[in-house]
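# Per-entry structural report
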Amino acid sequence: MNIQIFKDYASLSAFAAKEIIHMLKQKPDATLCMASGDSPKLTCELFVKKARDEKVNLSEFFFIGLDEWVGLSGDTEGGCHHDFNKRIFNPLRISPAQYHLFNGLSDDLENECVVMDKIIREKGGIDLMIVGIGMNGHIGFNEPGVDFKLLSHVTELDETTVTVGQKYFQEQVVLQKGITLGLAHLMNAKKVLLLAQGAKKAAVIQKAVEGEISNFFPASIMQQHLHGYVLVDEEAASLLNKAH
Ligand code: F6R
């Protein structure tokens, strides 16, 4: 695992967006997997801008959504699918043939997981995964206590996830379960960027990077990824003890 500390959220996001562009120039048919939420928001914006400015060939890449809230339709504002439509698919006119997201409304969620795992296998794995970190150390909906070996799965959401998750929605929504790629996908991804910004993430970053590797703090698994990069701004890095 590597740690990179940036002056601010803007420079961190510019770096992450550049990573996507660089990958797509090297490998136009790459598979990109992203989390939604606040952390990658500016990365998406800058990626869209750079892809347009540099006329990057986007006709062959494939996009995978990291997770989804169970019970929400794809057009619920604040949901992951809605975020990706707004942030990436609509502005870049990416056709549905070029992405796969979990359907949180499916009446066969187990099959959603089987299909997701099959697609990732058929694509030859994930080239670049961009994730955030929750206030309980989750990545995607890999909640505290998760089995590190899991692929896609459905899970009960941790109390912190439910409480913090309300921030994405204008109106009160029932958040109980999530469907997510597993940490085995993260470990199998060729490269992972974990993004965190702001003082509120300082304690979880310290635990993820310098704490014990434990499934009770899922993001600590990043310490074991050879090509895992934790990208933080100075505020999120403020509790790190060791010299990075
Ligand atoms: C969202 C997701 C979550 C978030 C995490 C951090 O798709 O996978 O794990 O990445 O909860 O959320 P933000 O970035 O909003 O602080």
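Residues numbered from 1 in each chain as written. Predicted model: local features only at pLDDT ≥ 70, side-chain atom pairs only at ≥ 80, totals over all residues. Heavy atoms only, no water.

## Quick notes on the pattern of salt bridges
As enumerated under the stated definition, the model contains 11 salt bridges in all. Measuring nitrogen to oxygen at the nearest pair gives 2.7 Å for the salt bridge that ties Lys 49 to Asp 53. Taken as a pair, Lys 49 and Asp 53 lie in helix H2 (residues 41–53) at a separation of four residues, close to a single helical turn. Residue classification places Lys 49 among the partly exposed positions, given a relative accessible area of 47%. Between Asp 127 and Lys 190 there is a salt bridge whose closest N-O contact spans 3.4 Å. With a gap of 63 residues between them, Asp 127 in the loop between helix H4 (109–122) and strand E6 (128–131) and Lys 190 in the loop between helix H6 (183–188) and strand E9 (191–196) connect regions that are remote in the sequence. (Salt bridge = Lys/Arg side-chain N within 4 Å of Asp/Glu carboxyl O. Helix = DSSP H or I, 4+ residues; strand = E, 2+ residues; numbered from the N terminus. Buried < 20%, exposed > 50% of the residue type's maximum accessible area, 1.4 Å probe, protein only.)

## Re the site of the ligand
The environment of the ligand is made up of 16 residues, and the closest members are Ser 39, Asp 67, His 138, Tyr 168 and Lys 201. The contact in question runs from an oxygen atom of the ligand to an N or O atom on the side chain of Lys 167, over 2.9 Å. Note that an oxygen atom of the ligand is positioned 2.5 Å from one of the side-chain N or O atoms of Tyr 168. Judged by the proximity of its atoms to the pocket grid, the ligand belongs to the largest pocket. Here the residues of the shell around the ligand are counted per class, giving five nonpolar, seven polar and four charged. (Near = heavy atom within 4 Å. Polar contact = N/O pair within 3.5 Å; in protein donor to acceptor, adjacent residues only side chain to side chain. 1 Å grid on protein atoms, 1.4 Å probe; cavity = no way out; pocket = protein on both sides within 12 Å on 5 of 7 lines; lining within 4 Å. Sits in = over half its atoms within 2 Å of the grid points. Nonpolar A, V, L, I, M, F, W, Y, C, P; charged D, E, K, R; others polar.)

## Some points on the packing of aromatic side chains
The tally for this structure, following the rule as stated, stands at nine aromatic pairs. Judged by centre distance (6.4 Å) and plane angle (85°), the ring pair of Tyr 168 and Phe 169 falls under edge-to-face. Phe 169 gets classed as buried once you look at its relative accessible area, which sits at 9%. Aromatic ring contacts, followed pair by pair, group Phe 63, Phe 84, Phe 89 and Tyr 99 into a single cluster. The ring of Tyr 229 has Lys 191 lying over it, and the distance from NZ or CZ to the ring centre is 5.2 Å. (Phe/Tyr/Trp six-rings, centres within 6.5 Å; stacked < 30°, edge-to-face > 60°. Lys NZ or Arg CZ within 6 Å of the ring centre and 35° of its normal.)

## Description of the sheet that holds strand E4 (residues 67–69)
What the three strands build is an open sheet, ordered E4-E8-E7; its pairing is antiparallel. The open sheet has two edge strands with one neighbour each: E4 and strand E7 (153–156). Strand-to-strand, the axes of this sheet are offset by a mean angle of 20°, without reference to chain direction. Pairing analysis gives three bridges linking E4 to strand E8 (residues 177–180), with the strands arranged antiparallel. Note that in E8 the partner of Glu 68 across the bridge is Ile 179. Where H4 meets the sheet, its contacts fall on E7 and E8, and the angle it forms with E7 comes to roughly 135°. (Pairing = 2+ DSSP bridges. Axes fitted to C-alpha atoms, helices over the stretch in contact; angles between N-to-C directions. Contact = heavy atoms within 4.5 Å.)

## A look at empty space enclosed by the protein
The tally for this structure, following the rule as stated, stands at one cavity of 30 Å³ or more. As a volume, the largest cavity reaches approximately 30 Å³. Considering the residues around the largest cavity, the lining is formed by Gly 65, Asp 67, Glu 68, Cys 80, His 81, Phe 84, Leu 101 and Phe 102. Breaking the lining of the largest cavity down by element, the ones donating at least two residues are E4 and helix H3 (80–92). When residues of the lining of the largest cavity are assigned to their parent elements, the largest contribution, three residues, is made by H3. Of the residues that constitute the lining of the largest cavity, the class distribution is four nonpolar, two polar and two charged. (Points joined across faces, edges and corners; volume = space filled by probe spheres on them.)

## What about the pairing of strand E3 (residues 62–65)?
With burial as the criterion, each face of E3 is covered, one bearing Phe 62 and Ile 64 and the other bearing Phe 63 and Gly 65. Pairing analysis gives four bridges linking strand E2 (residues 31–34) to E3, with the strands arranged parallel. Residue pairing for E3: Met 34 is matched across the bridge by Gly 65. Viewed along the sheet, the connection from E2 through H2 into E3 turns out right-handed. (Right-handed = clockwise from strand over helix to strand, strands pointing away.)

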